[in-house]
Amino acid sequence: MKYSNRELLLKNKLNQHYKKFDFSQISPDPLEFPYRFKNPLDIEISAFISATFAYGNITQIITSLEKIHKVMGKSPHSFVMNFSKKDEAKFEGIVHRFYSSEDIVSLFKVLKIVYQNYGSLKFLFLLYYFEEEKNLKESISFFSCHMLDIASKICEVTPGVKFMFPSPHNNSPCKRVNLFLRWMVRKDALDFGLWNEIIPSKLIIPVDTHIARICTVLKLTKRKNISWLMVEEITENLKKYDPVDPIKYDFALCHIGMRNLKF
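Residue indices begin from 1 for each chain and proceed along its sequence in written order. Residue-level local features of this predicted model are given only where pLDDT is at least 70; pairs of side-chain atoms are given and counted only at 80 or more, and the full residue set underlies all totals for whole chains, interfaces and linings. The side-chain figures draw on all heavy atoms in the structure; neither hydrogens nor water molecules are used.

(A) Here's a closer look at the nonpolar core. If you look at the biggest cluster of nonpolar residues, it comprises 87 residues, and the most contacted ones within it are I49, F91, F108, L121 and M147. At 8 residues, the largest contribution of residues to this core is made by helix α6 (residues 101-118). The term nonpolar core refers to a set of buried residues drawn from Ala, Val, Leu, Ile, Met, Phe, Trp, Tyr and Cys, joined through side-chain atoms within 4.5 Å. Burial classes: relative accessible area under 20% of the type maximum marks a residue as buried, over 50% as exposed, and values in between as partly exposed (1.4 Å probe, protein chains only). Each helix corresponds to a stretch of at least 4 residues labelled H or I by DSSP, and each strand to a stretch of at least 2 residues labelled E; elements are numbered beginning at the N terminus.

Here you go:
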């Protein structure tokens, strides 16, 4: 591909920051939590919980995740599989922005059903993964719909529970789902690559205010509002610089924004 001078400069800077923001730069980030575990199922559950709570102030995110991981103990998978009425009280007083203690309990009830019926989140998600799709838009939509359907049968679907399972068809950027998928699908010094059935080029960048701001400055998006349309636009523009693995730049871009660093 032929690059303009501006594009060549941006490509070089993106790759420079990608190399710089390696595992030594992981903190503070919710990705720290799944690294506490070795078993793939423990990692998957910890990662899903960590991504689901990845909104708001980073200090608040880390505090909430510390509390939840303390409740889950040494094996999130065992905790989910054996989740019972007596475990519900352990979340009393734990809240996170839009999530009440009851919402958190509902999440674990949903996860228990998923792991009992499908064995893992991966096997459920793969039911809706089609290689011919341009990206994971439809897969995410079906996955979230399935999770909400489970929730509707066992608990009250509150605004907090709905927020846990967003859909691209509502023009949601689906930041937390895309973050979880980045961790599970990509494989490098930071991301786990446990879901190798999905190719990284299908991923969509997880967009929050930090990513949106820096991508606007870098002219990777012309859109003003954070939405699914914005995340697709940013992802397509990043494919100019790495068509095989465009989302590899996410961690660096996010932390440059979070830490108020110069790009």
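Now, onward.
(B) Up close: the pattern of salt bridges. For this analysis, a salt bridge means a side-chain nitrogen from Lys or Arg found within 4 Å of a carboxyl oxygen belonging to Asp or Glu. Here the structure, examined in full by the defined rule, presents 14 salt bridges. Between K122 and E197 there is a salt bridge, and its shortest N-O distance comes to 3.1 Å. One end of the pair, K122, is in helix α7 (residues 121-126); the other, E197, is in the loop between α10 (175-185) and α11 (209-217), with 75 residues separating them in the sequence. Among the ionic pairs, D245 bridges to R186, the shortest N-O distance being 2.8 Å.

(C) Representation of the side chain of S120 within the structure. Inspection of the secondary structure assignment puts S120 in the loop between α6 and α7. In what follows, residue pairs with any heavy atoms lying within 4.5 Å of each other are defined as contacts. With residues near it in sequence (within four places) discarded, S120 still touches L41, E44, V114 and Y115.

(D) Looking closely at helix α1 (residues 5-20). In this analysis, the expected span of each helix is defined as 1.5 Å times one less than the number of residues it contains. When the terminal C-alpha atoms of α1 are compared, their 23 Å separation across 16 residues agrees well with the 22 Å that a helix rising 1.5 Å per residue should span. When α1 is considered as a whole, its buried residues turn out to be E7, L10, K11, L14, N15 and H17. For α1, the angular spread of the buried residues around the axis is 165 degrees, confining them to a single face. For α1, exposure combined with an orientation more than 90 degrees from the buried face picks out N5, L9 and K19. Looking at the buried residues of α1, the elements they touch are α12 (228-238) and α13 (250-258). The directions from the helix axis to the C-beta atoms are what the arc is built from.

(E) Focus on the packing of aromatic side chains. Pairing of aromatic rings covers Phe, Tyr and the six-membered ring of Trp, with a centre-to-centre limit of 6.5 Å; geometry is then stacked below 30 degrees between planes, edge-to-face above 60, and tilted otherwise. Scanning all chains against the criterion turns up 23 aromatic pairs. Aromatic pair Y55 and Y99: ring centres 5.2 Å apart, planes at 75 degrees, arrangement edge-to-face. Of this pair, Y55 sits in the loop between α2 (40-52) and α3 (58-72) while Y99 sits in the loop between α5 (85-88) and α6; the two residues are 44 residues apart in sequence, bridging distant segments of the chain. The same class applies to Y55 as to Y99, namely buried. Between F79 and F108 the ring centres are 5.4 Å apart and the planes differ by 90 degrees, which places this aromatic pair in the edge-to-face class. Placement of the pair is F79 in helix α4 (residues 76-81) and F108 in helix α6, with a sequence separation of 29 residues.

(F) Molecular detail of the packing of α11 against α13. Lines fitted to C-alpha atoms define the axes here, with helix axes fitted over just the stretch in contact, and angles between the N-to-C directions of these axes take values from 0 to 180 degrees. Where α11 meets α13, the axes come as close as 8 Å, and the angle between the chain directions of the two elements is 95 degrees. Between α11 and α13, the angle falls in the class roughly perpendicular. Facing α11, whose interface residues are H210, I211, R213, I214 and C215, α13 presents D250, L253, C254, I256, G257 and M258. Amino acids are sorted into nonpolar (Ala, Val, Leu, Ile, Met, Phe, Trp, Tyr, Cys and Pro), charged (Asp, Glu, Lys and Arg) and polar (every other residue, Gly among them). Class assignment of the residues belonging to the contact of α11 with α13 gives a composition of 7 nonpolar, 2 polar and 2 charged. Roughly parallel means an angle under 35 degrees; roughly antiparallel means over 145; roughly perpendicular covers 65 to 115; every other angle is labelled oblique.

(G) Focus on α11. When we look at burial in α11, the residues that qualify are I211, A212, I214 and C215. A distance of 3.1 Å separates the backbone nitrogen of H210 from a side-chain oxygen at the start of α11, and that oxygen is part of D208. Positive phi appears at K219, one or two residues downstream of α11, with a value of about 60 degrees. A 3.5 Å cut-off defines polar contacts: any pair of N or O atoms within that distance qualifies, except that in protein one atom must be a possible hydrogen donor and the other a possible acceptor, and neighbouring residues in sequence count only when both atoms are side-chain atoms.

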